[in-house]
Structure formats: structure tokens, C-alpha cells
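Here are the chains, one letter per residue:
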Amino acid sequence: MPPVPDTLVFAITALFPLLVLINSSRLTESQRKSTFQVRSTKAELAALGNLATGVEVPLALRETAVWEIWQQAAALCNTLFSLDVFCPLGFVFLYGALAPSPDQALMDFLLDDIKLSQEFLFGTVGLVGSAAALLGNRVAKQSECLRHRT
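Here the structure is a predicted model, which means the values were calculated and not measured. (Residues numbered from 1 in each chain as written. Predicted model: local features only at pLDDT ≥ 70, side-chain atom pairs only at ≥ 80, totals over all residues. Heavy atoms only, no water.)

(A) Here's a closer look at the packing of helix 1 (residues 6-25) against helix 6 (residues 103-113). Orientation of helix 1 relative to helix 6, taken along the N-to-C sense of each, is 145 degrees, at an axis distance of 9 Å. Seen from above, helix 1 lies across helix 6 with left-handed handedness. Contacts between helix 1 and helix 6 involve Asp6, Thr7, Val9, Phe10 and Thr13 from the former and Ala105, Leu106, Phe109 and Asp113 from the latter. (Axes fitted to C-alpha atoms, helices over the stretch in contact; angles between N-to-C directions. Helix = DSSP H or I, 4+ residues; strand = E, 2+ residues; numbered from the N terminus. Left-handed = near helix turned anticlockwise from the far one by under 90°. Contact = heavy atoms within 4.5 Å.)

(B) Focus on a negative patch on the surface. Negative charge collects at one region of the surface, where Asp6, Asp108, Asp112 and Asp113 lie side by side. No other element matches helix 6, which puts three residues into the negative patch. Note on placement: Asp112 falls in helix 6. By relative accessible area, Asp112 is classed as partly exposed at 41%. (Patch = residues over 30% accessible without salt bridge, like charges linked within 9 Å, V, L, I, M, F, W, Y side chains within 5 Å. Areas by Shrake-Rupley, 256 points an atom, 1.4 Å probe, with all protein chains shown as cover. Salt bridge = Lys/Arg side-chain N within 4 Å of Asp/Glu carboxyl O. Lys, Arg positive; Asp, Glu negative; His and termini not counted. Charge placed at Lys NZ, Arg CZ, Asp CG, Glu CD. Buried < 20%, exposed > 50% of the residue type's maximum accessible area, 1.4 Å probe, protein only.)

(C) Helix 7 (residues 118-149), seen in detail. The end-to-end C-alpha distance of helix 7 is 46 Å, a good match for the 46 Å that 32 residues give at a rise of 1.5 Å each. The sharpest bend along helix 7 measures roughly 30 degrees and falls at Gly126. (Expected span 1.5 Å × (residues − 1). Bend = angle between axes of the 7 residues up to and from the residue.)

(D) Spatial organisation of a nonpolar patch on the surface. Side chains of Val4, Leu8, Val9, Ile12, Leu15, Phe16, Leu18, Leu19, Leu21 and Ile22 sit close together on the surface and give an oily, nonpolar patch of about 850 Å² of accessible area. The residue Leu19 is located in helix 1 in this model. Exposure remark for Leu19: the relative accessible area of 39% places this residue in the partly exposed category.

(E) Expanded view of unusual backbone geometry. Positive phi is not limited to glycine here, since Lys115 has a value of about 65 degrees. Tracing the sequence through the fold places Lys115 in the loop between helix 6 and helix 7.

(F) Here's a closer look at the packing of helix 6 against helix 7. Running from amino to carboxyl end, helix 6 crosses helix 7 at an angle of 120 degrees, the nearest separation of the two axes being 9 Å. Between helix 6 and helix 7, the contacting residues are Met107, Leu110 and Leu111 on the first element and Gln118, Leu121 and Phe122 on the second. A class-by-class count of the residues in the contact of helix 6 with helix 7 yields five nonpolar, one polar and no charged. (Nonpolar A, V, L, I, M, F, W, Y, C, P; charged D, E, K, R; others polar.)

(G) Fine view of the environment of Pro100. Within the element layout of this structure, Pro100 appears in the loop between helix 5 (83-98) and helix 6. On the accessibility criterion, Pro100 (69% relative accessible area) is exposed.

(H) Region of interest: the packing of aromatic side chains. In total, this model carries three aromatic pairs according to the counting rule given. An angle of 5 degrees between the planes, with centres 4.8 Å apart, marks the rings of Phe10 and Phe109 as stacked. Note that Phe10 is positioned in helix 1 and Phe109 in helix 6, a separation of 99 residues in sequence. Phe10 gets classed as partly exposed once you look at its relative accessible area, which sits at 25%. (Phe/Tyr/Trp six-rings, centres within 6.5 Å; stacked < 30°, edge-to-face > 60°.)

From the geometry alone we can't say anything about function, so treat these as descriptive.
Structure representation (C-alpha cells):
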């Protein structure tokens, strides 16, 4: 099997995000009713009290900071494992974990084919990128301040 040219690999990995963008524009979404259910605090306390052992939690424990943290942790778990949150969260995690990334192909292309040095890429380009990020942050903060004044 003949070797695949680096430019072809780079072009293919650069093409995938464009294909995702084109296909995502064809998707249609319909608005649906929210399935979140609001439970009363009394029902939530009863559920938390009988969570592990089925034994009612003493009143002295309910008034401590540990109990408040336990309530917040249980509410967080209920929220994360509801289908409205868990499915998109799982998709984003799997997409980030399993999707190919063009980072290594781009780095090889820049170092080997274009013959840029590592010092230039990580030094000068990194410095200019960081300076641009700081400048962009400053401009965004200034425009936010100006918007609030008017």
C-alpha cells in the first residue's frame, strides 16, 4: 500500500468539521414540553432520609451543614441523571472522546512540510496568540462596560 501524502491527511481532517456544520444545518428541532418535575422539599427530605437504609434520619442530623451538603449532592445527582441533561452531556463527552482531532496532523504538517521550527510555533506564535487573547478580553470588558453605562 503506497503512503498517503500528508497534505491529503490534513485536507481530510480539515473537511470533517465542515461536513458536520453542513449536516447540522439540515436538522430541524421541534419545541417540546419540559419534563422536569418540581418536588416539594418535604418529599425530597423524606426521599433523602430513606435513601440508604430506609431509616428516618434524626432531626439533629438534618440541621447540620453535612445534611445540607447531602441534600445539594442528591439534587445535583437527580439533575445530572435526568434524561434531559444526561443524554446531551453523554453526547458531548463521547464526541470529545471519540472524534478524531486534527491537532497531530496539523502539527506534523507545520513542522515537516512547511518547515517551521518548534521554537517559532511554541514561542512566537504562542506569544502572539496569548497577547491577542488578552487584548480581546480587554476589548470585550470595555465594550461590556460601555453597554452598561448607556
